[in-house]
Amino acid sequence: MQIGRIYSNKPDIFFPIDFNCGDNADVINIIIGEVRRPQDKKRDSHNLGKTTLLHLIDFLMLKGLSQEHFLSKHQELFVDFVFYLEIALNSGDYATVRRGVSDPNLISLARHGEPNQDFTDTPNDGWTHSDLPIVEAVTLLDAWLDLRVLKPYDYRKAITYFLRSQQDWSDELQLQKFQLGRDLYWKPFVAHLFGFKGGVVQRKYELDDTIQKLKQKQADLQAEVQFKEDDLPELAAKLSVLHQQVDELERQLDSFQFDAQERRIVQELVESVEQEVAELNETIYNIRYDIKQIDNSLGHKDKFDLKEVEAIFKEAQLYFPDQIKKQYEDLVGFKKKVTRERDAALRARRKQLSEQMRAAEERKATLDASREEQLRILRNTDTIDKFKTLQKDLTKQRAQLVYLEGQRSRLDSVADAARQVREAERERGRVVDEIKAMVLKPTPIYEKFTRIFNDYCQQVLSREGIFYFHVNNSNNLQYEISLGLTGQKGKSSSQGDGTSYKKLVCALFDLALLKVYEDMPFFHFVYHDGMFESLDDRKKLAFLDVVRKQVADKKTQYIMTVIASDLPRTDKGQVIDFSEKEVVLRLHDDGPEGRLFRMGEF
């Protein structure tokens, strides 16, 4: 796929641009901005439309129109414009895309056998498909482009790698459009691009999300239950006993037989209530003792007074050296710091103990009331009164049964969520193992790319180009790109982190990727915006040499924007200009005629 031409329904404002593509792709495409009025300080070569053209091409490749796009921000200027883009397809024929600014969500597509067509006056019935919704148009254009190596992704996922704006020079693979999004949205695609299993990488991120959601669900469910998952067997046993007790109490009340119930009350008083009351009394005593000890410690104040020590030395007519005085001051300061930290810890502990004592006292009060009620039942000789009392006890036990059954039901949900978390974590472990095994077996695409990329870096930067995948501390796929240290094979330098070298590494990365896929149904063009800015002339010439060699077989179309002042120069300062065949668009600062859109600045 290469770009043939771009034009509009207003050729007097936007001139048609014909790119060198197909049989002419061995000639590079230069969009150059010239300064023709250097004395006019109000003008410059940075607002002529070089970057705007890239965004226009992306618009015609059916990118969604955001509020930040120049066509949206200045809609009143462009509302009557209709743009057309001719694309050379990998099948050998051509496609033309029509998209207007007034209704950018309606797209027309035409497929034709000959290049350099003009569809500006073609009626709707002359198009292969007219006024398609943008989603349908992307699907259809994706089918026409037939970039099979991208599947299951469509062409929109990768096209920005080959429309690299000036905001995309900071990272080879994490473009600007990915920087605000999660790794899930682009790293699986990167893995796929180098022949790895992108689906496995995506599954890892999906499992991370699933586990996080399940853990949150588990926490929310747990907040509704006073028991823990491990308490489930004990809770089930308690429910079984309570069911039995309720059934037996109902039978006894129905038959007015209270002996068994009284025996149960006696047993509960002896084995449960009295024992727990005794334990609580001991707990409350210990807590009160600990609180008293803490209060005593907090009430103790250090009485060391340095002035008194100085006075004693003076009375004894002994010399008190400044060094000793400083050591005493340091010691006192250290002790005060330790005391403050200790007091803070003691106050926190006292608060914790007070809360424990309050809970213990509340529980003891509840048990005392229960014990009093149970003793009253045992002492009562009135059968009817005893029946009523035991009926109330039955009601309480039924309420307790309902409560515990509700707790068990919720606890079952907690346990189920915990089981799902464990299953998802086990699956994630298997996926991580698969990713680790995957990166240890380089794919043919990856191996070919690393060879070409290293060769390009050697030619342009005289450094090794190092690129590899690994699994990071979060068990996610990670890539590393760097330049090698001179004379130390395989060791990375920080040179590739500089702005100029980073730009070159990104550009060489794009070219190497296109070289790898040059004989496959893939993109076969790249648009580099502002490539030469702030580069050394020797690097510019070396880079151009690599570009010209790669486009020589016409399998790669290269488009670059450049400012005239950034053109490379010889050692003697002579400008090395591009030929007229290479310059497809010449912009300048001498009025509206020199801008991409022949109108006032916007």
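The preceding data block contains the structure.
Calculation rules
- Residues numbered from 1 in each chain as written.
- Predicted model: local features only at pLDDT ≥ 70, side-chain atom pairs only at ≥ 80, totals over all residues.
- Heavy atoms only, no water.
- Helix = DSSP H or I, 4+ residues; strand = E, 2+ residues; numbered from the N terminus.
- Buried < 20%, exposed > 50% of the residue type's maximum accessible area, 1.4 Å probe, protein only.
- Contact = heavy atoms within 4.5 Å.
- Areas by Shrake-Rupley, 256 points an atom, 1.4 Å probe, with all protein chains shown as cover.
- Pairing = 2+ DSSP bridges.
- Right-handed = clockwise from strand over helix to strand, strands pointing away.
- Core = buried A, V, L, I, M, F, W, Y, C linked by side-chain atoms within 4.5 Å.
- Phe/Tyr/Trp six-rings, centres within 6.5 Å; stacked < 30°, edge-to-face > 60°.
- Lys NZ or Arg CZ within 6 Å of the ring centre and 35° of its normal.
- Expected span 1.5 Å × (residues − 1).
- Arc of directions from axis to C-beta.
- Polar contact = N/O pair within 3.5 Å; in protein donor to acceptor, adjacent residues only side chain to side chain.

Participant: Would you take a moment to explain the overall build of the chain for this structure?
Facilitator: Across its full length, the chain holds 16 helices and 14 strands. Here the chain, with 602 residues, has 44% of them falling under the buried criterion. Intrachain contacts of the chain at a sequence separation of at least 6 include 69% that bridge at least 24 residues. Summing over all exposed atoms, the chain offers an accessible surface of approximately 32,100 Å²; the carbon and sulfur share of this is 48%.

Participant: Sorry if this is basic, but what is going on with the pairing of strand β13 (residues 557-563) here?
Facilitator: Within a regular strand, side chains alternate between the sheet's two faces. In terms of residue burial, β13 counts as a mostly covered element, since seven of its seven residues are buried. The two faces of β13 match: Gln-557, Ile-559, Thr-561 and Ile-563 on one face and Tyr-558, Met-560 and Val-562 on the other face are all buried. Both strand β12 (residues 525-528) and β13 contribute to a ladder of four bridges, which runs parallel. Residue pairing in the sheet places His-528 in a bridge with Met-560 of β13. Each parallel crossover has a hand, and the one from β12 via helix α16 (residues 537-551) to β13 is right-handed.

Participant: Just to check I follow, could you spell out the nonpolar core for this structure?
Facilitator: Core analysis: the largest hydrophobic core is formed by 122 residues, its most contacted members being Phe-194, Phe-467, Phe-523 and Phe-543. Contacts of Phe-523, omitting those with residues within four sequence positions, involve Met-1, Leu-147, Leu-150, Tyr-155, Ala-158, Ile-159, Phe-162 and Leu-514. One finds Val-277, Leu-280, Ala-360 and Leu-367 within the second-largest nonpolar core, a separate group that totals 12 residues.

Participant: I'm lost on the packing of aromatic side chains in this one. Help?
Facilitator: Any pair of aromatic rings gets described here by the distance separating the centres and the angle formed by the planes. One pass over the structure, following the stated rule, counts 35 aromatic pairs. Geometrically, the ring pair formed by Phe-449 and Phe-509 is edge-to-face, given 4.8 Å between the ring centres and 65 degrees between the ring planes. Linking Phe-449 in helix α14 (residues 444-461) with Phe-509 in helix α15 (residues 499-516), this pair joins segments that are 60 residues apart in sequence. Grouped by ring-pair contacts, the aromatic residues Phe-194, Phe-196, Tyr-446, Phe-449, Phe-453, Phe-467, Phe-469 and Phe-509 constitute a single cluster. One Lys or Arg, Lys-10, reaches over the ring of Phe-81 and ends 5.9 Å from the middle of that ring. Above the ring of Phe-15, the side-chain terminus of Arg-598 is found at 3.5 Å from the ring centroid.

Participant: Looking at this model, I keep getting lost on α16. Mind explaining?
Facilitator: The periodicity of an α-helix, 3.6 residues per turn, causes residues three or four places apart in sequence to face the same way. Taking 1.5 Å of rise per residue, the 15 residues of α16 would be expected to cover 21 Å, and the 21 Å separating its terminal C-alpha atoms lies within 8% of that figure. All of the buried residues along α16 are Lys-539, Lys-540, Phe-543, Leu-544, Val-546, Val-547, Gln-550 and Val-551. Seen end-on, α16 carries its buried residues on one side only, within an arc spanning 160 degrees. Exposed and oriented more than 90 degrees from the buried face of α16 are Arg-538 and Lys-549. In this structure Asp-536 caps α16, since a side-chain oxygen of it lies 2.7 Å from the backbone nitrogen of Arg-538.

Participant: What's the story with the sheet that holds strand β3 (residues 29-34) in this structure? I'm lost.
Facilitator: Strand-to-strand pairing in sheets goes through backbone hydrogen bonds, with the strands running parallel or antiparallel. Sheet architecture is open: five strands sit in the order β8-β12-β13-β3-β14, paired in parallel fashion. Among the strands making up the open sheet, the edge pair consists of β8 (163-164) and β14 (583-588). Relative to β13, β3 is paired through five bridges, and the arrangement is parallel. When the sheet's bridge partners are listed, Asn-29 is paired in β13 with Ile-559.

Participant: I would appreciate a short explanation of the side chain of Arg-98 in the present structure.
Facilitator: Within the element layout of this structure, Arg-98 appears in strand β5 (residues 94-100). Polar contacts involving the side chain of Arg-98 include one to the side chain of Ser-108, which spans 2.7 Å. One polar contact links Arg-98 to Asn-124, side chain to side chain, over a distance of 2.8 Å. Ignoring anything within four residues of it in the chain, the contact list for Arg-98 reads Val-82, Phe-83, Tyr-84, Leu-106, Ile-107, Ser-108, Thr-122, Asn-124, Trp-127 and Asp-131.

Geometry only, nothing functional implied.
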